[in-house]
Amino acid sequence: MNDDIKRLHAYVRILKKELPAAYPVSINFVSKKISVKDDDCFAATWLDLKKKKFFIQISKSKCYRCMLDSLIHEYAHILDWSHLHDKSEEPEYHSSTWGVWYSKVYRFICREK
Ligand SMILES: [Zn+2]
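Residues numbered from 1 in each chain as written. Predicted model: local features only at pLDDT ≥ 70, side-chain atom pairs only at ≥ 80, totals over all residues.

Alternating positions in strand 4 (residues 43-48) separate cleanly, Ala43, Thr45 and Leu47 being buried on one face and Ala44, Trp46 and Asp48 remaining unburied on the opposite face. Examined bridge by bridge, strand 4 and strand 5 (residues 53-59) share six bridges and lie antiparallel to one another. Directly across from threonine 45, in strand 5, lies its bridge partner isoleucine 56. Where strand 4 hands over to strand 5, the hairpin turn is made up of four residues, of which lysine 52 adopts a positive phi near 50°. (Buried ≥ 20, exposed ≤ 12 C-beta atoms within 10 Å, placed from the backbone. Helix = DSSP H or I, 4+ residues; strand = E, 2+ residues; numbered from the N terminus. Pairing = 2+ DSSP bridges.)

Let us now look at the pairing of strand 1 (residues 25-30). Burial of the side chains of strand 1 is restricted to one face: Val25, Ile27 and Phe29 are buried, whereas none of Ser26, Asn28 and Val30 on the reverse face is. Pairing geometry for strand 1 and strand 5, over six bridges, is parallel. Its bridge partner lying in strand 5, phenylalanine 29 is registered against isoleucine 58.

Among the nonpolar cores identified, the biggest contains 21 residues, and Ile58, Leu71, Tyr75, Ala76, Ile78, Leu79 and Val105 are the most heavily contacted of them. Ranked by residue count, the leading element in this core is helix 2 (residues 64-80), at seven residues. Not counting residues up to four positions away in its chain, the partners in contact with isoleucine 58 are Phe29, Phe42, Ala43, Met67, Ser70, Leu71 and Glu74. (Core = buried A, V, L, I, M, F, W, Y, C linked by C-beta atoms within 7 Å. Contact = placed C-beta atoms within 7 Å.)

Each α-helix turn comprises 3.6 residues. Residues three or four places apart therefore point the same way. With 17 residues, helix 2 extends 24 Å between its outermost C-alpha atoms, agreeing within 8% with the 24 Å of an ideal straight helix rising 1.5 Å per residue. Along helix 2, the residues classified as buried are Met67, Ser70, Leu71, Ile72, His73, Glu74, Tyr75, Ala76, His77, Ile78, Leu79 and Asp80. Against helix 1 (3-18), strand 1, strand 4, strand 5 and helix 3 (96-112) lie the buried residues of helix 2. (Expected span 1.5 Å × (residues − 1).)

Our focus in this paragraph is the packing of helix 1 against helix 2. One way to put it is that helix 1 packs onto helix 2 with a least axis distance of 10 Å and a crossing angle of 20°. With respect to their mutual orientation, helix 1 and helix 2 come out roughly parallel. In the packing of helix 1 onto helix 2, the handedness of the crossing is right-handed. Contacts from Asp4, Leu8, Tyr11 and Leu15 in helix 1 reach Tyr64, Met67, Leu68, Leu71 and Tyr75 in helix 2. Its residues placed into classes, the contact of helix 1 with helix 2 shows eight nonpolar, no polar and one charged. (Axes fitted to C-alpha atoms, helices over the stretch in contact; angles between N-to-C directions. Parallel < 35°, antiparallel > 145°, perpendicular 65-115°, else oblique. Left-handed = near helix turned anticlockwise from the far one by under 90°. Nonpolar A, V, L, I, M, F, W, Y, C, P; charged D, E, K, R; others polar.)

A word on the packing of helix 1 against helix 3. Two numbers describe how helix 1 lies on helix 3: the axes approach to 11 Å, and their chain directions differ by 125°. When the axes of helix 1 and helix 3 are compared, the pair comes out oblique. As for how helix 1 packs across helix 3, the hand of that crossing is right-handed. Mapping the contact onto sequence places Tyr11, Ile14, Leu15 and Glu18 in helix 1 and Val105, Phe108, Ile109 and Glu112 in helix 3. When its residues are assigned to classes, the contact of helix 1 with helix 3 shows six nonpolar, no polar and two charged.

Written out as structure tokens, the structure reads:
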């Protein structure tokens with residue numbers, strides 16, 4: 001594991017402790033691009049309702065700063081999740097409440113630097 005990934009995992013540990021989600025969170029940094037439906041992207045988040053666990057995947061193909069931005073973005077999706085999302089198993093994308101969580105996670109990370 002390189003130093004960038006170690007630094008990102010340190011943020012993950014702090015986020016899980018200080019801004020806990022409704023369910024446990026598994027975050028992995030992967031070598032490949034991530035396919036979501038018909039598109040390729042560099043990060044994805046989903047909830048497995050059977051396992052009652054959130055999953056985040058972030059591609060290692062981008063720079064450290066891009067991966068940190070992806071972590072903030074995806075973690076905000078998890079914090080924005082509510083039981084209203086149970087039927088779709090996917091949080092609503094980029095709602096106004098997601099924006100509030102994004103700013104909270106961003107400010108939290110800035111304080112930890
Ligand atoms: Zn998003």
